[in-house]
Amino acid sequence: MPKQNKLRSAFRKFRRQILVGGALVVGVCLIALLVWIVYLDRIVTQQFEGRRWTLPAQVYAEATELYVGQNFGADAMEQELRRLGYHRVDAPKDSGSYRRRGARIDFVSRRFQFSDAVQEAQALTITTDANSIVSLTSGGEDVPIFRLDPLLIGSIFPIHGEDRVVVTPEEVPPMLPAALKVVEDRKFDTHHGVNVGAIIRAAWINVRAGQIEQGGSTLTQQLVKSYFLDNRRTFGRKIEEAMMAMLLEVHFEKQDLLNAYINEIYLGQDGRRAIHGFGLASQFYFGKPLAELQLPEVALLVAVVRGPSYYDPRRHPERAKTRRDLVLKLMAEHKVIEEKAATQAMQRPLGVVRAGTQAGSYYPAFLDLVRRTLRRDYREEDLTEAGLRIFSTLNPLVQTRAETTLAQELDRLEKARKKKKPEPLEGVVVVTSPSSGEVIAMVGGRQATFEGFNRALDAKRSIGSLVKPVIYLAAMETDRFTSASIVEDGPVEVKLANGKTWQPQNYSQEFYGPVPLVRALAQSMNLATVRLGLDVGLPKVTKEFKVLGLENEPPELPSVLLGALDVSPLEVAQLYNAFASGGFNTPLRAVRAVLDAEGTPLKSFALEVTQVASPQAVYEVNQMMVQVMERGTGAAARANLPSGLVVAGKSGTSSDYRDSWFAGFSGSHLAVVWIGYDDNTPTGLTGSSGSLAVWSKLMGSIPTTPLSMPLPEGLQETSIDYLTGYAAQSGCVQEAVIVAVPQGTPLPVDPNCASGTLGEIGARARAWWQGIVN
Amino acid sequence: MKRYVSLLVLALLSACSVPQPYRPTAPAPSVPPQQPGSPPVVETQPAETPPAIEVPQPLPTPVIREPVLSPASRALVGQAQTQLESKNFAVAASSLERALRIEPDNPLLWIELGKVRQAEGNYVQAENMGRKAVSMSTNAPKAQSAAWSLIAESYRARGKNPQAQEAQARADQLR
């Protein structure tokens, strides 16, 4: 008792002081609270005003052109539309829909801002025969040419991986906000940022369940959490979140908040890439724009909001479907949709496109090239934040074929292998369109969707015999050699600067003696080539590499003649592109044009050509490379190519079989293939036994045209004996081959044939012998 | 008996196909040791060429085939010409590049693209496009003539009059 009295008297004595102190504490707390609120308010308003999301640059594939004669049968045409996310309906009225009736397809295109013009949505009719378009009309009028909206192939997103496609409220199907409210936040239209009732209800449910089953967060709170805060879930965070949500509600309209939510929220993961916003999610899951989504698709996206990983429709389709159907049921219950519509939608499959095969797939190697191209002109932030629209040269069909062909062949090669290596065999494919210099496909490794070391650009490897056509071109340009010239394939010894002697060998370890150049190239004879190169002169040869488009001139070393030269696959493509385009260098490019977020053209990468070799010399070498494919190291390709498809190419093998290369072209495509190990250990493969199969299977599976070059002035085509190089005379020739040589080139004649010792009899015997052998 | 004869012939023939041991017909190139830093000096001798005769080649008369534009290309060239009139060079070029993707081997399109480059003052590319067109029109004198005219024009614009005259002469000769 006395103690209490003491306390009481003390209280009485210091009553004023205590009250003042208390008031002070409360005051300080209030001020701190106020300061905090003002601070949060500034964050909220400043960061949210104008809602500047960092907008990754969007990269589009090449647009498909439609015109009479284009190689599209009705099936291929329908496939093309489906690839672009067009959906089949009974009567196409809306953008992105089509109807197929046999060989006739009616469709309504999407409005699209191209780099040079806006193309409005248009209703078109296509009729086809077995494999091409025979008419293209709109409203009964012929349309000479029309481009489809291109596929969005990816974006250049920042290091933290947040990728999105921002949509305006007009691009949002009305069902989406309605569904979001019903499922996530029924009081959205009336609450002030937080819904106390919902929080208490959620807490009660969670306490009863013993775990977190239901969140009481409003859409505004979810937006705050995603937009301003990190992932930590603490009580302090919750308070901060609630406060910011209320502040947001004070400053902004409900409609703005909802649209921000639609663009902000996290909806999936694609490797390093985080899918944010419904705009990108729609592309990612369905391969079409958000505006075109149907009820079941909208419901699925809303279902995914709750747990993009748990309800991942690709990995857990059952789970995702159950939740989608729940969303549909809730929508019907709350009269957002008719009961019947919900029941019908529940019958529908998820309709998610396969990842990596169609729309929504991802081409890191190619995008890397795009990014590097643009980095010369733009800062990294401009690319990842400024919403640029980039028109690239990628052809998705060729890209997909290149990816699958490479993966299949590498699997096959590894299976055939006796000793298994722990490390995977790797490969690269680069495809260009020679006359335009456009890179239309690029695979940077076996796992095409794996982002990392881009071998197509960064793996500088020894190119072996791929150098040979360059040496032969240098030789033709001296005017001292023709494709019919005879060189000696015999031992070569070169004393090097370091005192050592270089003694190259043929792949077969044999000597072939005097051979015509066409055969020396076709069979990739090392000794004949070294002699030729030394005769032409090393400085001339090394300069030729630079002239054709190699960035750095190789050192003037004899070993360069056999390809001791480290070059990336893309650079090889640049080098061979000069051959494929008839002696014109065209800088390879992956980007055609760049538009800013408002659609103003910023930059175009124009087509440029420079003549770098005489058309005659290039023609001769190209004809020799045709013989590589006809009877040389590329002959095995024939089995995979359609008959009549003329192609030219060259194999390459580096020392100890570390690198297997093949580079070659048709009339409309150039492809370069490399196979090897990352650690540079031997593969046991030559260019012919490794890369050639990938090359030929790829070329055989894409629509490409035969190589046909007009014979340049001053050249003539003539027939020689492939084995000896003698003029092909009736009765004497063993294996005739057509080569191009300058008009009036003297050709050696077979002395035996001229003296007639064997003459007719020999020829008849050979014909008879051929009859037996064949 | 017949069988023996054919066997004998076979044996004879197969004897012929046995690879001959290597007999050098030309001495291996002898290369003196190179000075450090300087390119290797090489000395080679060409292979001994057998007696040569001129093989008379009946030259086929070239078939003249002038290129024509496909309807799609024609529409795009029309567009490009309108765009060129309004000095919209980049857009005109991009229309022509579209056409070139459809018909990369049509010299007329390269000539049109060269004209756009010429109009925007990129004379070097104008000439290069002309040369590309020339290389594609060996059997099309009309197209080749137009290409040489473009080349001549690009030279004139750069004040290279002798070259311009020479190119113009080639254009006129083909007409």
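All of these numbers come straight from a predicted model, not from anything done at the bench.

1. Considerations on the packing of helix α6 (residues 219-228) of chain A against helix α8 (residues 254-264) of chain A
Residue and element names in this part refer to chain A.
- Look at α6 against α8: their axes get within 10 Å of each other, and the N-to-C directions meet at 50°. Relative to α8, the element α6 is oriented oblique. Considering how the two elements wind past one another, α6 and α8 form a crossing that is left-handed. On the side of α6, the interface is formed by L219, T220, Q222, L223, S226 and Y227, while α8 contributes L257, L258, A260, Y261 and E264.

2. What about the pattern of salt bridges?
- On inspection of all chains with the given rule, the structure shows 48 salt bridges over all chains.
- Residue D106 of chain A pairs with R104 of chain A through a salt bridge whose shortest N-O separation is 2.9 Å.
- In this structure R104 of chain A comes out as partly exposed when scored by relative accessible area, which is 37%.
- Note that E112 of chain B and K115 of chain B form a salt bridge whose closest N and O atoms lie 3.5 Å from each other. Placement of the pair is E112 of chain B and K115 of chain B together in helix α4 (residues 107-119), with a separation of three residues, close to one helical turn.

3. Points about helix α17 (residues 468-477) of chain A
All names here are of chain A.
- With nine of its ten residues buried, α17 lies for the most part within the structure.
- What α17 keeps buried is the set K468, P469, V470, I471, Y472, L473, A474, A475 and M476.
- Summarising the contacts, the buried residues of α17 are in contact with α18 (517-522), α19 (526-536), α20 (538-548), α21 (569-580), α22 (615-631) and β29 (648-653).
- D479, located one to two residues past α17, shows a positive phi value of around 65°.

4. Examining the packing of aromatic side chains
All names here are of chain A.
- One pass over the full model with this rule turns up ten aromatic pairs over all chains.
- Plain terms: the ring middles of Y576 and F579 are 5.7 Å apart, the flat faces sit at 45° to each other, and that makes the pair tilted. Pair noted here: Y576 and F579 are both in helix α21, with a separation of three residues, about one helical turn.
- Accessibility expressed as a relative area gives 0% for Y576, which makes it buried.
- Within the aromatic cluster, the residues linked to one another by ring pairs are Y60, F112, F114 and F391.
- The side chain of K254 reaches across the aromatic face of F188, ending 4.7 Å from its centre.
- The ring centre of Y311 lies 5.4 Å from the NZ or CZ of R323, which sits over that ring.

5. Regarding the confidence of the model for chain B
Residue and element names in this part refer to chain B.
- Residue-level pLDDT values for chain B average 79, and 65% of them are 70 or greater.
- Predicted confidence is poor over residues 8-21, with pLDDT under 50, and the contacts of this stretch with residues over four places away or in other chains come to five contacts.
- Confidence over residues 27-46 falls short of pLDDT 50; this stretch has 38 contacts with residues more than four positions distant or in other chains.
- Here the complex is predicted with pTM 0.81, and the ipTM for its interfaces comes to 0.81.

The rules we used
- Residues numbered from 1 in each chain as written.
- Chains lettered and ligands numbered in written order.
- Predicted model: local features only at pLDDT ≥ 70, side-chain atom pairs only at ≥ 80, totals over all residues.
- Heavy atoms only, no water.
- Axes fitted to C-alpha atoms, helices over the stretch in contact; angles between N-to-C directions.
- Helix = DSSP H or I, 4+ residues; strand = E, 2+ residues; numbered from the N terminus.
- Parallel < 35°, antiparallel > 145°, perpendicular 65-115°, else oblique.
- Left-handed = near helix turned anticlockwise from the far one by under 90°.
- Contact = heavy atoms within 4.5 Å.
- Salt bridge = Lys/Arg side-chain N within 4 Å of Asp/Glu carboxyl O.
- Buried < 20%, exposed > 50% of the residue type's maximum accessible area, 1.4 Å probe, protein only.
- Phe/Tyr/Trp six-rings, centres within 6.5 Å; stacked < 30°, edge-to-face > 60°.
- Lys NZ or Arg CZ within 6 Å of the ring centre and 35° of its normal.
- pLDDT = per-residue confidence, 0-100.

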